[in-house]
Amino acid sequence: MEVRKKIAILGGGVTGVVVAGELAKDNTLFDVTLIEKSSVLGGLHRNFKKDGLNYDIGAFVLPTSHSLFKTFPEVKKICLQIKNNMGSVTLNGNIDKYPCTISGYIRDNGISGFASACLNTILCKFQHRDRSTLPSFIKYYIGADIYEKSGLRGYIERLYGMKDEEVDIEFATKRLSEIQKAASIKAIATKALRGRRTALVEPPTLKEVVVRPSEGFQKIYKTVEKTLIAQGVNLSLNCEMKSVNRKGEGFEIKFAEGTKEYYDRVISTIPIEAISRLIDQPLQKQLEYKKLLSLFYRFSGELGYDSNILHNFTNKSPWKRITTFSKYYGTYEGDEYFVVEITLGDEDKIDIEQQKQEFERYVQNLGLFQGQLKFQGSLIIGNAYPVYRRNCLQGVVDTKQSLQKWGLELAGRQGEFDYISSYDAAANAISLANKIKADYCN
Ligand SMILES: Cc1cc2nc3c(=O)[nH]c(=O)nc-3n(C[C@H](O)[C@H](O)[C@H](O)COP(=O)(O)OP(=O)(O)OC[C@H]3O[C@@H](n4cnc5c(N)ncnc54)[C@H](O)[C@@H]3O)c2cc1C
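Residues numbered from 1 in each chain as written. Predicted model: local features only at pLDDT ≥ 70, side-chain atom pairs only at ≥ 80, totals over all residues. Heavy atoms only, no water.

**Things to note about the site of the ligand**
Keep this limit in mind: Nearness is defined per residue: one heavy atom within 4 Å of the molecule or strand is enough. Within 3.5 Å is the distance limit for a polar contact, defined as a pair of N or O atoms, with the added protein rule that one can donate a hydrogen and the other accept it, and that residues adjacent in sequence qualify only through two side-chain atoms. For the accessible areas, the method is Shrake-Rupley and the probe is 1.4 Å, while residue cover comes only from the protein chains on display. What counts as a helix is a DSSP run of H or I of at least four residues, what counts as a strand is a run of E of at least two, and both are numbered from the N terminus.
Close contacts around the ligand come from 31 residues, with Thr15, Glu36, Ala59, Val61 and Ile420 the closest. In this structure, glutamate 36 approaches the ligand through a side-chain N or O atom, which is 2.6 Å from an oxygen atom. Measuring from an oxygen atom of the ligand, one finds a side-chain N or O atom of glutamine 414 at 3.0 Å. Relative to its unbound accessible surface of 1,000 Å², the ligand loses 89% to contact with the protein. Elements that contribute at least two residues to the shell around the ligand include exactly α1 (14–24), α16 (412–415) and α17 (422–441). Among the elements that take part in the shell around the ligand, α16 stands out by supplying three residues, more than any other.

Here's what the structure looks like:
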């Protein structure tokens, strides 16, 4: 009888659990171990809890076609179907649909401003035809005027935490395909004829979407945990690894409590620095991340917006998005509750009090919150956003290749150091599991 292959999956975020779940479906072929350093599964899918309320660290909206639900169909049933209602605060501080509509643009810039933006878009087809930097790529499609005056430039700089021309174009365009599809001259002209409520720059096409249940992400990941255990996965939570070494054709992992285990394959979804330390191949050059500061609030009073997720397209305040959970789960003791996301660089000294005061002053001036804001706490996530600076892509590719050459398989947002959504992370995880299965089935 064929010996079962021992597979170690490092990291129990969405990527790790999907790879584990897919391989465990073939448990006559694979003996799967999932190693997670924290006491719970889920990774970035985590909650801040206060007064019995669950806050996410940002906006997590999952299409019903998400691969997590393909691997764990029972999870979809416990999620909450929502209407994906996204808004934005325009450069002039008005509320618009996300990211920006023709009427919103006209309200901020006048009819003549809109007409000249259309002409400018035509001009930019010539001026920026090389599309060699991120700003020139976007200006080619939507024009310099719309890029600037819709607040998109400011938002992109806040999203990536750096000047737009510093962002690597190859990396950024992966996330900007909607602009390519929707913002041609022809598309804008057609929209102008269709009416003013039409989106000027198309939002991502998310129709059937869900959010986690009101009990928090742990309800999802406890369900996942049960399924994995039932499928025979060895689940090692609260598990600290000391080293990962090559041994024969496979690998030996040493654990903090002094035990060691042999595996045929190791799939790493943990940060590249962490796995490099474990295999004793320190990085030549540190990879760069942006931190995420999440501020959690309750609010009693009148909300000045009706969207679930409100994006900041102004250039006056550093917050990126507000996600209002009470829009999904209902108010609590009459209060709305929400999270504010603020991206911070590694170099930034984090003064939470100053960030909080700055946010409160700005949104109250805008009239977004007429009433009492009640600060509930904050959380900082270190490895929230991988950063790809211009001309640094090759260094990242080389680092990943050297780990792969050593024998590791890399997957996920941290493991691959890629700014991917959980949708893509989970889809890639299924492809990786299928590839591993194919290696033994043929
Ligand atoms: C604010 C925010 C909002 C987002 N919104 C969306 C959204 O709406 N839709 C969407 O599709 N995506 C969204 N994403 C992206 C999505 O959350 C990520 O792509 C996804 O969660 C990444 O999963 P992962 O398993 O690859 O990584 P992670 O979730 O980071 O998991 C890595 C795991 O490895 C563990 N680990 C680390 N070091 C070690 C070690 N030494 N040993 C063992 N384990 C270790 C960690 O504890 C963690 O559990 C959002 C991201 C953020 C930050």
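**Description of the domain arrangement of the protein chain**
In many reports, interface size means the accessible area that the parts give up when they come together. Worth spelling out the cut-off: These domain limits were set by an automatic method or by a database of domain assignments. In what follows, residue pairs with any heavy atoms lying within 4.5 Å of each other are defined as contacts. Simply put, the buried area is the total loss of 1.4 Å probe accessible area from both parts when two parts are fitted together. A side-chain nitrogen of Lys or Arg and a carboxyl oxygen of Asp or Glu constitute a salt bridge if their distance falls within 4 Å.
For the protein chain, the assigned domains read domain 1 (5–42 + 216–287 + 389–441) and domain 2 (101–201). Counting residues at the interface gives seven residues for domain 1, matched by 13 residues for domain 2. Summing the contributions of domain 1 and of domain 2, the shared interface buries around 910 Å²; its carbon and sulfur component is 48%. Broken down residue by residue, the surface that domain 1 buries against domain 2 is led by Arg389, Arg390 and Tyr419, which jointly contribute 73%. If you look at where domain 1 meets domain 2, you find one salt bridge. With its nearest N and O atoms 2.4 Å apart, the salt bridge here joins glutamate 166 to arginine 389. Taken together, the connections running from domain 1 to domain 2 amount to one residue pair in polar contact (both at pLDDT 80 or more).

**Points about the packing of aromatic side chains**
Basically, it comes down to this: Side-chain rings of Phe, Tyr and Trp (the six-membered ring for Trp) are treated as a pair once their centres are within 6.5 Å; stacked means planes under 30 degrees apart, edge-to-face means over 60, and tilted covers the remaining angles. In this scheme, the term charge over a ring applies when either NZ of a lysine or CZ of an arginine sits within 6 Å of the ring centre and within 35 degrees of the ring normal.
What the rule picks out here adds up to 27 aromatic pairs. The rings of Tyr297, Phe299, Tyr305, Trp319, Phe338, Phe359, Phe369 and Phe375 are connected pair by pair, giving a single aromatic cluster. Sitting above the plane of the tyrosine 140 ring, lysine 125 keeps its charged end 4.3 Å from the centroid. Over the ring of phenylalanine 375 we find lysine 356; its NZ or CZ atom is 5.3 Å from the centre of that ring.

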